[in-house]
Amino acid sequence: MSFFGKLKERMFRSSSKLDEGLDALVASDPAPADEGADESPAAPPKTPDTPVETGGTPAIAPIPSPVPAPDARTDAARPGLLSRLTGRADAPRRVLDDNFIEELEDLLVQADLGVETALKVTANIAAGRFGRRVTTQEIKQALADEVARIMEPVAKPLPLYPNKPQVVLVVGVNGAGKTTTIGKLASQFRAAGKSVIIAAGDTFRAAAVEQLQVWGDRAGVPVMTAPEGSDPASLAFDALTRAQAEGADLLMIDTAGRLQNRADLMEELAKIVRVIRKKDPSAPHNTLLVLDATTGQNAVTQVEVFRQMADVSGLIMTKLDGTARGGVLVALADRFGLPIHAIGVGEQIDDLDAFDPQDFAAALTGTGR
Ligand SMILES: Nc1nc2c(ncn2[C@@H]2O[C@H](COP(=O)(O)OP(=O)(O)OP(=O)(O)O)[C@@H](O)[C@H]2O)c(=O)[nH]1
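Residues numbered from 1 in each chain as written. Predicted model: local features only at pLDDT ≥ 70, side-chain atom pairs only at ≥ 80, totals over all residues. Heavy atoms only, no water.

(A) Representation of the confidence of the model for the protein chain within the structure. Per-residue confidence for the protein chain gives a mean pLDDT of 82; residues scoring 70 or more make up 79%. Contacts from residues 34-87, a stretch scored under 50 in pLDDT, to residues over four places away or in other chains number 75 contacts. (pLDDT = per-residue confidence, 0-100. Contact = heavy atoms within 4.5 Å.)

Okay, structure coming up:
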């Protein structure tokens, strides 16, 4: 299955609230039009060609008339054979008015786009459409276009540099998916013919080290470990020494993610950087922040916190499968503009891929491709 296939199938599979919410938004016509017209698209027109205004409040979309409205530009408003076959002539419509805009904003906030981004996106969707009768499909497509427009500038694969080894520091809170992501990336680099070494820098958790070893075995990549509780900076130094001696292409350094004691963690990360720079002043070449999509708006806080602690160069978002909170990625892109290198949609080795804004927008809005 293609990665987009997986993304579409898994992303929000359990709770695709945005897609359903948009359907409900247009269908939840506060002043429903004549039901009869819905069931009989071929019936004579019961509605005027332009939206009906009822006492100052813009009318809610009448069920589409078989007679094209003068301003209609979509096939749905031209009930030809194709429209009837695809059912689009019957598509519910609703006037895009203030209420609609407010409800759309709420829906986007619930989908974790964050208030600021939700307001911006909604305003852009409404521009040029205000007062018009719109279908769900039109709104979904407009939303998908807006999301893709925001995400396009940040969709950048992890850059590979000629430096040998390229040192990749991986940071993020416990459980975000750092270990899994390192395993998946290592496996992909190996498949691309690169030699990789992993340093298990979370020396305080034996389980984390073991898990990394399992991933290293799977990927066919050596994992350097140190005794429990030992200094991660010292391990990083040794790992870089070995990577340089062996001419490895990449050194990936896992780190601890204990945010409970921010000062300690900050010092630990700073020390790792200080120490590896003794061997390579240009290292680390990438500092990847791994974020868990299921934490929703918490991811925004995590970016803020980790940017204070480390020179974060890019993001990887995991667990986009089975969550309704993937919209937070739009908020992150809009707010921070940090490159999004990859997304994870499962626990298997091939469940990580480069971030594609069009695919993501399509999966998020349910427009499909
Ligand atoms: N569904 C899903 N689960 C994932 C994904 N990425 C990681 N996981 C799971 O998330 C859990 C935590 O992942 P880890 O890789 O151990 O996270 P970590 O950041 O290294 O956590 P610590 O080892 O506690 O520091 C594991 O059970 C992974 O299998 C993903 O994209 N989708």
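(B) Representation of helix H2 (residues 17-27). For H2, the set of buried residues is Leu18, Asp19, Gly21, Leu22, Leu25 and Val26. The buried residues of H2 occupy an angular sector of 165 degrees when projected down its axis, which confines them to one face. Buried positions along H2 lie against strand E3 (93-95), helix H5 (98-110), strand E4 (133-135), helix H7 (136-151) and helix H14 (357-365). (Buried < 20%, exposed > 50% of the residue type's maximum accessible area, 1.4 Å probe, protein only. Helix = DSSP H or I, 4+ residues; strand = E, 2+ residues; numbered from the N terminus. Arc of directions from axis to C-beta.)

(C) Quick look at the sheet that holds strand E5 (residues 166-171). Strand order in the open sheet formed by 8 strands is E7-E6-E8-E5-E9-E10-E11-E12, and the pairing between neighbours is mixed. The open sheet has two free edges, formed respectively by strand E7 (223-224) and strand E12 (352-354), since each of these has just one partner strand. Examined bridge by bridge, strand E6 (residues 196-199) and strand E8 (residues 250-254) share 4 bridges and lie parallel to one another. By the bridge assignment for E8, Ile198 is matched with Met252. (Pairing = 2+ DSSP bridges.)

(D) Structural detail: the side chain of Lys178. Position of Lys178 among the secondary structure elements: in helix H8 (residues 178-191). Among the polar contacts made by the side chain of Lys178, one reaches the main-chain carbonyl oxygen of Gly172 at a distance of 2.8 Å. (Polar contact = N/O pair within 3.5 Å; in protein donor to acceptor, adjacent residues only side chain to side chain.)

(E) The arrangement of the pairing of E8 in detail. Counting buried residues in E8 gives 5 out of 5 residues, a clear majority hidden from the surface. Both E5 and E8 contribute to a ladder of 5 bridges, which runs parallel. Each residue of the ladder has a partner; that of Gln166, found in E8, is Leu250.

(F) Fine view of the site of the ligand. Around the ligand, the surrounding shell holds 19 residues, and the nearest of these are Gly175, Thr179, Thr180, Asp321 and Glu347. In the environment of the ligand, an oxygen atom lies 2.7 Å from a nitrogen or oxygen atom belonging to the backbone of Gly175. One of the side-chain N or O atoms of Glu347 is found 2.5 Å from an oxygen atom in the ligand. Contact with the protein chains removes 82% of the 640 Å² of surface that the ligand exposes when unbound. In a pocket analysis with a 2 Å cut-off to the grid points, the ligand is assigned to the largest pocket. Put simply, the parts of the chain that give the shell around the ligand at least two residues each are H8 and helix H9 (206-219). The dominant element in the shell around the ligand, judged by the number of residues it contributes, is H8, at 4 residues. Taken together, the residues that form the shell around the ligand break down as 4 nonpolar, 9 polar and 6 charged. (Near = heavy atom within 4 Å. Areas by Shrake-Rupley, 256 points an atom, 1.4 Å probe, with all protein chains shown as cover. 1 Å grid on protein atoms, 1.4 Å probe; cavity = no way out; pocket = protein on both sides within 12 Å on 5 of 7 lines; lining within 4 Å. Sits in = over half its atoms within 2 Å of the grid points. Nonpolar A, V, L, I, M, F, W, Y, C, P; charged D, E, K, R; others polar.)

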